[in-house]
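One letter stands for each residue in the lines below.
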Number of protein chains: 2
Amino acid sequence: ANSPDLDLEILETVMGQLDAHRIRENLRELSREPHLASSPRDEDLVQLLLQRWKDPESGLDSAEAFTYEVLLSFPSPEQPNVVDIVGPTGDIIHSCHRTEENVTGEQGGPDVIQPYAAYAPSGTPQGLLVYANCGTEEDFKELQTQGIKLEGTIALTRYGGVGRGDKAVNAAKHGVAGVLVYTDPADINDGLSSPSETFPNSWYLPPSGVERGSYYKYFGDPLTPYLPAIPSSFRLDLANVSGFPPIPTQPIGFQDARDLLCNLNGTLAPATWQGALGCHYRLGPGFRPDGNFSADSQVNVSVYNRLELRNSSNVLGIIRGAVEPGEPSSCPCCALGATATVSPPSPAPRAHLSLSSGSLPLFLCSDRYVLYGNHRDSWVHGAVDPSSGTAVLLELSRVLGTLLKKGTWRPRRSIVFASWGAEEFGLIGSTEFTEEFFSKLQERTVAYINVDIAVFANATLRVQGTPPVQSVVFSATKEIRSPGPGDLSIYDNWIRYFNRSSPVYGLVPSLGSLGAGSDYAPFIHFLGISSMDIAYTYDRSKTSARIYPTYHTAFDTFDYVDKFLDPGFSSHQAVARTAGSIILRLSDSFFLPLKVSDYSETLRSFLQAAQQDLGALLEQHSISLGPLVTAVEKFEAEAAALGQRISTLQKGSPDPLQVRMLNDQLMLLERTFLNPRAFPEERYYSHVLWAARTGSVATFPGLSNACSRAWDTASGSEAWAEVQRQLSIVVTALEGAAATLRPVADL
Amino acid sequence: ANSPDLDLEILETVMGQLDAHRIRENLRELSREPHLASSPRDEDLVQLLLQRWKDPESGLDSAEAFTYEVLLSFPSPEQPNVVDIVGPTGDIIHSCHRTEENVTGEQGGPDVIQPYAAYAPSGTPQGLLVYANCGTEEDFKELQTQGIKLEGTIALTRYGGVGRGDKAVNAAKHGVAGVLVYTDPADINDGLSSPSETFPNSWYLPPSGVERGSYYKYFGDPLTPYLPAIPSSFRLDLANVSGFPPIPTQPIGFQDARDLLCNLNGTLAPATWQGALGCHYRLGPGFRPDGNFSADSQVNVSVYNRLELRNSSNVLGIIRGAVEPGEPSSCPCCALGATATVSPPSPAPRAHLSLSSGSLPLFLCSDRYVLYGNHRDSWVHGAVDPSSGTAVLLELSRVLGTLLKKGTWRPRRSIVFASWGAEEFGLIGSTEFTEEFFSKLQERTVAYINVDIAVFANATLRVQGTPPVQSVVFSATKEIRSPGPGDLSIYDNWIRYFNRSSPVYGLVPSLGSLGAGSDYAPFIHFLGISSMDIAYTYDRSKTSARIYPTYHTAFDTFDYVDKFLDPGFSSHQAVARTAGSIILRLSDSFFLPLKVSDYSETLRSFLQAAQQDLGALLEQHSISLGPLVTAVEKFEAEAAALGQRISTLQKGSPDPLQVRMLNDQLMLLERTFLNPRAFPEERYYSHVLWAARTGSVATFPGLSNACSRAWDTASGSEAWAEVQRQLSIVVTALEGAAATLRPVADL
Ligand SMILES: [Ca+2]
Ligand SMILES: [Ca+2]
Ligand SMILES: [Zn+2]
Ligand SMILES: [Zn+2]
Ligand SMILES: [Zn+2]
Ligand SMILES: [Zn+2]
């Protein structure tokens, strides 16, 4: 009863049908209007997705919207946030812009939300201005060292260096009353700042452009940590919510920032704090007497943001997998799902993704899911972020859906497409989804693929992911032609931009690791599901922009993509092909293409960093790395042996049950690295290899962070006990992981 | 490729071969000497188990000891704990016995450990004696109400009412300096107390008998919560260990207790505090002037217990399962395990249960485990506790091992036999095992069966377990003849003693729920594995003994069992047959005999209790039970539908992969009730249905406890928020559970 493996003909068909022009048309429609989370246009797009995924010719088996009631933050429509310079007599002598300049006709209108710092509290602080660089802890310490009194000041900071919300957190610790955040042309525009050099004349950010964003520290709906934000769920009292910025904060454009910064008084800022506004940056406090504002003028930051409970939806669409495909047109799963559906209890339950019709009493539907998703909500038009990803998502679902509806193909494992809501406010839709379906997802999900911004720039592929996905990404990209000149594969092009020397493979493209920058975060950190994030991106020799320049501004429009980021949409097509090939490989291969032995390199490098950079220190405190060495060696040996067993079996005709058992070992490996008790103060983070690392040593995050704390502080024995505890947590996880890789008959 | 289902002939063979006489001989050997955890005799028994399980004629596929370094507590061999009455001039006017009376020649010798309260701190408090009944919170409040000054007193308490360690915790809150704990003849001996009425003349406890026990609040090795106590693991500093009794504590026999209690001064104790010592119990403080001791005499409790790191071993033996049995003699699993074993990294790793030899390159070994275990360590000879269970364990492994070695049979799923170490100190061996193999066990274990004390008495079966195991216990016990007169099945006898009216089945035997009384605790509470505990027990109309009278004393000997508890060992045999049949059904049935729909009754009863006893209260605080109603209804519907699908399939010839998928749904259901963040202060407890319930309402424990706290206290909004949070945790768990029961193709 051996089922066919990945069908290369189907793969080729899919690759051929993914159409750049259709992606372009998808993007045009998706980014036609601003579609902020929970806005009417966001709801329209929910309907658009449902319509596409329910299309009889090119849709999926089923699709459904799942709505959550979540806490979002908006500026007041009646009382806009303002940043003013107030003279000594209390009169306003200068005001910053409240909106971006309507350069292309798309930056005006009621749906373009005023730039603001989501979740920053309302308030109207006023004080002398200081310049605090990126607003890191070190930056404020530097100001302190310089003798600048921070109490009651307004701190002007620039984007970068730390997370958005951290700037206000750090500032508040020094008594700062309000924070401004701007984007320096040095960081985003390769130094250029004049309108003639910026959009619509180039891809660079216009002087009035303001980066919006969430300033919330955690992710997920702020009121419902660890619980799905369905209407009935317990919600925290606002007084008990942590993670919002402690003081009023407002982002501004560099045009406004120049007015403020170039008139500052005080000491010259350090060289690394200087930027490209065309003046010498000084630290303040207050304005210089010979500038545009009188010396004792203050800055007033008036923030009127409001928290609101809003409905936000995820849209989920599914192609059911059939363990043994048979006649693809008569889905073996449908009937079972439909006939077994019991009459709904009253009151009506939440929707399920079950099939609405079906007739054949067939059985072999798959209980394994390959998840592919992106968020839908944007700050303004969001052509790049996130619509470039959604345009790819829709083209992929169209091509696969068409094969499905034609009866040409049905995958071995189910493919679930997801359009997440309210990502911009903190990965809210995806997080609530993982909270609602925790058990089912953790039991059955093979991998999660995220394509948020599909194309940052058109130089090269960029992939972040955990080690088991490396091999399937390599396999896929070796077979796809790279856009642009030459006849390289995506892989061969990629390796020119991002590479590393692997002890196992030699020179290979290097995958980045997964932080919490998009919707993969709850999947990897909370559920322990092998995840990846895919995009096309920059040639770093051509730009030093922190991110594509119009990110989270009203200038991120269709024309921006069409003219500057990816004319011809060939990079979009390359991402679609890459993701499509990965989806097919994950869903159709007999053996899951998750190469668990590729974790060995990571573990070895973490171990070596610990040995080299922490070994002596640990020895001083009688902490031995010996058990870690043993655990890593054991993992390496077991992972290699499992790989060999699979190789051997692949040559024969293995029993489907045996394949199932081995695939379970592959799928569940990532889960073995979860320890929900490892980092009690870090919400959702429970992956002992990929939790947030704040320590400087590139080793296991718990170990690195604990060492860093023990080292920093007066290093009481408690701090060193925590180092030892974190080391034991890692050793236990690795030993446990190795145990799951052993032949299943062993205990 | 449909494999045969449970083989009734094999089942009958096993039932027939389980031999009462051999169980008796096992017990004689196991209880020949005291075998306290980590003692030389305990180590001898490790070897005995290994020898039995490696026997070429009747052994298992493999067996191995796994050793942990754990923190145990012992009285000092040099300086025995003493309880003295000290006269006003400081001279000792009376001393309690330091040992039990050597009644049968087995109560003497160096291996009989002095009675003590394990983990009670050392110290020599002295003060006036008070009588505090069971030492509950209410008991001490009563003393306070009576105007008795507790500061600096010694509290005499009796066993029962609360956990051992709780007595000292409650006492210390009132300034009590030391605690004595005794066993009242009313509670253990049906009121009898004279030597002529007690062992060896009856099963009752002799006057000198003292119940030993662990006074530690949690379970597992105290130094390594959530980490396996292997030598390299992080260990808490002793100063950071919580859960030990706060003040010196010592248990005494009722002979000594009578001397103390019958001479007390003060108010007469309440009627419910009176016992069977043959005098009126008074509250103290101090002795009455007309008694045996002068009125101002004090009691001195000198405890010299010491904490020691000791090695304690689990012994594990495995019968490998073969998914498709084929030729049972040529185990399809062996070769794979052996050939794939890689050369051990250096230093040598911990042992694995892998096969040492094997030659056939076969594949279909099972990755599903049925676990069956009992602890090995005793307080003294431990004939009943735990050797009665181990005697059964050895007979079961002999019968199954013989069939295995003869080539007659090999199970579909692996069977793992376990002999746990150091249970008496707090389930230490089993807990460390679950910590070391967390991921593997959670992924693959079908069920855990515990038989600790196999026979408390010979009246009836008694089973504790989670609802999914009810049906397999019923199926097994209906087919086995009950010992004793008549021709009843074990089931028919059982239902006479423990029964309930089930809305689904009518009158059925009632299963108890699982607390933390034996080694099943970490399996159900920490890992979420469906578990059960099996024993033969009392006719409650014939005795009100709190437990069998010689429990944890030096009188729990082979002769005690042979003469009083189970002459002829037919109850032992009945337990062996019951456990054996359950093991075979769990390991050999094509569909797992875990009836998940039996959870519906529990959920419904929890829901009804909440509605009836908490509904009005919750409504007052605007907390709705509506979402819980919906979730329970959804669970009921999905569980019933899954049962129907399985029934339908059982009539046909289902595909093995489909069976696997359904069995995964059955096996993993229990896991979906785990939430490691539900009860952050309760170590290991994470099962939202079976966590410890302190609230009086028999509903979901988190809800019950939170309501109880909110009700008790001045009911601030925080306490009611916690009620709402706990309700949402349950609703989320039930919704998640129901989602996993849906047809697998649905999301
Ligand atoms: Ca939530
Ligand atoms: Ca431990
Ligand atoms: Zn995005
Ligand atoms: Zn974004
Ligand atoms: Zn026991
Ligand atoms: Zn015991």
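As a convention, each chain's residues are numbered from 1 in the sequence order in which they are written. The naming scheme follows written order: chains are lettered A onward, ligands numbered 1 onward. The predicted nature of this model means local features are confined to residues of pLDDT at least 70 and side-chain atom pairs, given and counted, to a pLDDT of 80 or more, with totals for whole chains, interfaces and linings taken over all residues. Water and hydrogen atoms were dropped before computing side-chain values, which therefore reflect all heavy atoms in the structure.

Undergrad: Any chance you could explain the overall build of chain A here in plain terms?
TA: When helices and strands are counted, chain A shows 21 helices and 19 strands. In this description the radius of gyration comes from C-alpha coordinates, and the expected globular size is given by 2.2 Å times residues to the power 0.38. In terms of C-alpha radius of gyration, chain A reaches 27 Å, essentially the compact-globule figure of 27 Å for 747 residues. Contacts: residue pairs with any heavy atoms within 4.5 Å of one another. Contacts in chain A between residues far apart in sequence, at least 24 positions, make up 79% of those at least 6 positions apart. For the area figures, the Shrake-Rupley method with a 1.4 Å probe applies, and any residue is considered shielded solely by the protein chains shown. For chain A, the accessible surface area stands at approximately 24500 Å², while carbon and sulfur atoms represent 50% of it. In chain A, 58 side chains carry a positive charge and 82 a negative one; their mean positions are 3 Å apart. Helix and strand labels come from DSSP, where a helix needs a run of H or I of at least four residues and a strand needs a run of E of at least two; each type is numbered from the N terminus. In summary, the charge assignment counts Lys and Arg as positive and Asp and Glu as negative, without counting His or the chain termini. A charged residue contributes its charge at one atom only: NZ of Lys, CZ of Arg, CG of Asp or CD of Glu.

Undergrad: I would appreciate a short explanation of the packing of aromatic side chains in the present structure.
TA: For any pair of aromatic rings, the description rests on two quantities: the centre-to-centre distance and the angle between the ring planes. Residue and element names in this part refer to chain A. Centres within 6.5 Å make a pair out of two Phe, Tyr or Trp rings, where for Trp the six-membered ring is used; the pair is then stacked when the planes are under 30 degrees apart, edge-to-face when over 60, and tilted otherwise. Using the criterion set out here, one finds 91 aromatic pairs over all chains in the structure. Consider the rings of Tyr-131 and Tyr-281, whose centres lie 5.4 Å apart with planes at 90 degrees: the pair is edge-to-face. Highlighted residues: Tyr-131 in strand β6 (residues 129-131) and Tyr-281 in the loop between α7 (254-261) and β11 (298-302), separated in sequence by 150 residues. Taken as a pair, Tyr-131 and Tyr-281 share a single burial class, namely buried. Summarising the aromatic geometry, the rings of Phe-199 and Phe-564 are spaced 6.0 Å apart at their centres and angled 75 degrees between planes, so their arrangement reads as edge-to-face. Here Phe-199, found in the loop between α6 (185-188) and β9 (213-214), pairs with Phe-564, found in helix α15 (residues 558-565); they are 365 residues apart in sequence, far enough to count as distant. To sort residues, take the accessible area from a 1.4 Å probe on protein chains only and compare it with the maximum for the residue type: under 20% means buried, over 50% means exposed, and anything in between is partly exposed.

Undergrad: Hey, could you run me through the nonpolar core in this one?
TA: The tendency in soluble globular proteins is for nonpolar side chains to be buried side by side. For the purposes of this section, nonpolar cores are sets of buried Ala, Val, Leu, Ile, Met, Phe, Trp, Tyr and Cys residues that join through side-chain atoms within 4.5 Å. A:Phe425 and B:Phe425 are the most contacted members of the largest nonpolar core, which has 470 residues in total. Setting aside residues up to four positions removed in sequence, A:Phe425 forms contacts with A:Leu36, A:Ala37, A:Leu72, A:Ser73, A:Phe74, A:Tyr116, A:Ala118, A:Tyr119, A:Ser214, A:Tyr216, A:Asp377 and A:Trp379. One finds A:Val744, A:Ala745, B:Leu657 and B:Met661 within the second-largest nonpolar core, a separate group that totals 14 residues.

Undergrad: For this particular structure, what's the right way to read the sheet that holds strand β10 (residues 249-252) of chain B?
TA: Backbone-to-backbone hydrogen bonds pair the strands of a sheet. The strands run either parallel or antiparallel. All names here are of chain B. Two strands are said to pair when DSSP picks up at least two bridges between them. Spatial strand order, β6-β7-β8-β10: four strands in an open sheet with parallel pairing. Each edge of the open sheet is held by one strand with a lone partner, namely β6 (129-131) and β10. Averaged over all adjacent pairs, the angle separating strand axes in this sheet is 25 degrees, with direction ignored. Along the sheet, helix α5 (residues 164-173) makes contact with β7 (154-158), β8 (178-182) and β10, crossing β8 at roughly 145 degrees. Every axis in this analysis is a line fitted to C-alpha atoms, fitted for helices over the stretch in contact. Angles between the N-to-C directions lie between 0 and 180 degrees.

Undergrad: Looking at this structure, I do not really get the state of the cysteines. What am I missing?
TA: Two cysteines, two sulfur atoms, one covalent bond between them: this is a disulfide. Residue and element names in this part refer to chain A. Disulfides are defined as pairs of cysteine sulfur atoms found within 2.5 Å of each other. If you walk through the whole model with that rule in mind, you get two disulfides over all chains. The disulfide that involves Cys-262 links it to Cys-279, with 2.0 Å between the sulfurs. Handedness of the Cys-262-Cys-279 disulfide follows from its S-S torsion of about -80 degrees: it is left-handed. Of the two residues, Cys-262 is situated in the loop between α7 and β11 and Cys-279 in the loop between α7 and β11; the sequence distance between them amounts to 17 residues. For Cys-262, a relative accessible area of 14% translates into the label buried. Among the cysteines around Cys-96, which has no disulfide bond, Cys-262 carries the closest sulfur, lying 13 Å off. For Cys-96, a relative accessible area of 7% corresponds to the buried category.

Undergrad: Is there a simple way to think about the side chain of B:Arg577 in this case?
TA: All names here are of chain B. Here Arg-577 shows up in helix α16 (residues 570-588). Contacts described as polar in this section are N or O atom pairs within 3.5 Å, which, within protein, must combine one atom able to donate a hydrogen with one able to accept it, while residues neighboring in sequence count only if both atoms come from side chains. For Arg-577, the side chain forms a polar contact with the main-chain oxygen of Met-15, separated by 3.0 Å. Contact partners of Arg-577, with chain neighbours within four places excluded, come to Met-15, Leu-18 and Ile-480.

Undergrad: Hey, could you run me through the confidence of the model for chain A in this one?
TA: The predicted structure's coordinates, where accompanied by low pLDDT, should not be read in detail. Residue and element names in this part refer to chain A. The predicted model of chain A averages 93 in pLDDT, with 94% of residues at 70 or higher. pLDDT runs from 0 to 100 and stands for how confident the predictor is about each residue. The low-confidence segment residues 325-349 (pLDDT under 50) makes 53 contacts with residues lying over four places distant or belonging to another chain. Segment residues 355-363: pLDDT under 50, and 23 contacts once partners within four positions in sequence are set aside and those in other chains are kept. In the model output, the complex is listed with pTM 0.95 alongside ipTM 0.94.

Undergrad: Looking at this structure, how should I read the coordination of the zinc ion (ligand 4)?
TA: Geometrically, a metal with four donors at the corners of a regular tetrahedron has ideal angles of 109.5 degrees, and one with six donors at the corners of a regular octahedron has ideal angles of 90 or 180 degrees. Residues and elements named next belong to chain A. The rule for donors is simple: N, O or S, within 2.8 Å of the metal, or within 3.2 Å if the metal is Na, K or Ca. Water isn't counted, so a site may look like it is missing partners. Those donors, Asp-385 (OD), Glu-424 (OE), Glu-424 (OE) and His-552 (NE2), are the protein atoms that reach the zinc ion (ligand 4), and they lie 2.0 to 2.4 Å from it. Labels for metal geometry use angle windows, namely 85 to 135 degrees for all angles of a four-donor tetrahedral site, and for square planar (four donors) or octahedral (six donors) sites opposite donors over 155 degrees apart plus all others within 65 to 115; sites meeting none of these are irregular. Considering all four donor atoms around the zinc ion (ligand 4), the spread of angles at the metal, 57 to 146 degrees, places the coordination shape in the irregular class. Motif for the zinc ion (ligand 4), donor spacing along one chain: D-x38-E-x127-H. If you look at the zinc ion (ligand 4) and the zinc ion (ligand 3), they sit 3.4 Å from each other and are both ligated by Asp-385. Of the two residues, Asp-385 is situated in helix α9 (residues 383-406) and His-552 in the loop between β19 (531-537) and α15; the sequence distance between them amounts to 167 residues. Given the relative accessible area of 5%, Asp-385 is considered buried.

Undergrad: Is there a simple way to explain the environment of B:Ala692 in this structure?
TA: Residues and elements named next belong to chain B. Checked against the element boundaries, Ala-692 lands in the loop between α19 (656-668) and α20 (701-712). For Ala-692, a relative accessible area of 39% gives the class partly exposed. Separated by 679 residues in the primary sequence, Ala-692 and Thr-13 place their C-alpha atoms 40 Å from one another. In contact with Ala-692, other than residues within four places in its own chain, are Tyr-685, Pro-701 and Asn-705.

Undergrad: Would you take a moment to explain helix α17 (residues 599-620) of chain B for this structure?
TA: Residues separated by three or four positions in an α-helix point in the same direction, a consequence of the helix having 3.6 residues per turn. All names here are of chain B. Here a helix's expected span is defined as the number of its residues, less one, multiplied by 1.5 Å. For α17, with 22 residues, the first-to-last C-alpha span of 30 Å sits near the 32 Å given by 1.5 Å per residue. The largest bend in α17 comes to about 65 degrees, at Leu-614. Just downstream of α17 lies Ser-622, where phi reads positive at about 55 degrees. Bend is computed residue by residue as the angle between axes fitted to the seven residues ending at the residue and the seven residues starting at it.

Undergrad: Would you mind showing me how to read the coordination of the zinc ion (ligand 3) here?
TA: Residue and element names in this part refer to chain A. Distances from the zinc ion (ligand 3) to its protein donors, namely His-375 (NE2), Asp-385 (OD), Asp-452 (OD) and Asp-452 (OD), fall within the range 2.0 to 2.3 Å. Taken together, the four donor atoms coordinating the zinc ion (ligand 3) span angles of 57 to 146 degrees at the metal, a pattern that classifies the geometry as irregular. Mapping the donors of the zinc ion (ligand 3) onto the primary sequence gives the spacing H-x9-D-x66-D.

Undergrad: I tried to follow the packing of helix α20 (residues 701-712) of chain A against helix α21 (residues 717-741) of chain A on my own but got confused; where do I start?
TA: Geometry of a packed helix pair, given as the angle between the helix axes and the separation of the axes. Residue and element names in this part refer to chain A. Axis separation between α20 and α21 bottoms out at 8 Å; the angle between their running directions is 170 degrees. Comparing the axis directions of α20 and α21 gives the class roughly antiparallel. Contacts between α20 and α21 pair Gly-702, Leu-703, Ala-706, Cys-707, Ala-710 and Trp-711 from the former with Ala-719, Trp-720, Glu-722, Val-723, Gln-726 and Leu-727 from the latter. Looking at the contact of α20 with α21 residue by residue, the class counts come to nine nonpolar, two polar and one charged. An angle below 35 degrees is read as roughly parallel, one above 145 as roughly antiparallel, one from 65 to 115 as roughly perpendicular, and any other as oblique. Residue classes follow a fixed rule: Ala, Val, Leu, Ile, Met, Phe, Trp, Tyr, Cys and Pro count as nonpolar, while Asp, Glu, Lys and Arg count as charged, and any other residue, Gly among them, counts as polar.

Undergrad: Would you mind going over the pattern of salt bridges with me for this structure?
TA: Oppositely charged side chains may form a pair once their charged atoms are brought near each other. What makes a salt bridge here is a side-chain nitrogen of Lys or Arg within 4 Å of a carboxyl oxygen of Asp or Glu, nothing more. Evaluation of the coordinates by the stated rule reveals 64 salt bridges over all chains. Between B:Glu25 and B:Arg28 there is a salt bridge, and its shortest N-O distance comes to 3.2 Å. Taken together, the positions of B:Glu25 and B:Arg28, both in helix α2 (residues 20-30) and three residues apart, correspond to about one turn of that helix. Among the charged side chains, a network of salt bridges with common partners joins A:Asp367, A:Arg368, A:Arg660, A:Asp664, B:Asp367, B:Arg368, B:Arg660 and B:Asp664.

Undergrad: Hey, could you run me through the sheet that holds strand β1 (residues 62-74) of chain A in this one?
TA: Residue and element names in this part refer to chain A. Pairing in this open sheet of seven strands is mixed, and the strands run β1-β12-β14-β13-β15-β19-β16 from one edge to the other. Each having just a single partner strand, β1 and β16 (460-465) make up the two edges of the open sheet. Pairwise comparison of adjacent strand axes, ignoring direction, gives a mean angle of 20 degrees for this sheet. Two elements, strand β13 (residues 369-375) and strand β15 (residues 445-450), share five bridges in a ladder whose sense is parallel. Paired with Tyr-369 across the bridge in β15 is Thr-445.

Undergrad: What should I look at first to understand the pairing of strand β16 (residues 460-465) of chain B in this one?
TA: Each regular strand displays side chains that alternate between the two surfaces of the sheet. Residue and element names in this part refer to chain B. The buried fraction of β16 amounts to six of the six residues, a majority that puts the element mostly inside the structure. Residues Thr-460, Arg-462 and Gln-464 point to one face of β16 and Leu-461, Val-463 and Gly-465 to the other, with burial holding for every one of them. Both β16 and strand β19 (residues 531-537) contribute to a ladder of six bridges, which runs antiparallel. Note on β19: the bridge partner recorded for Val-463 is Ile-534.

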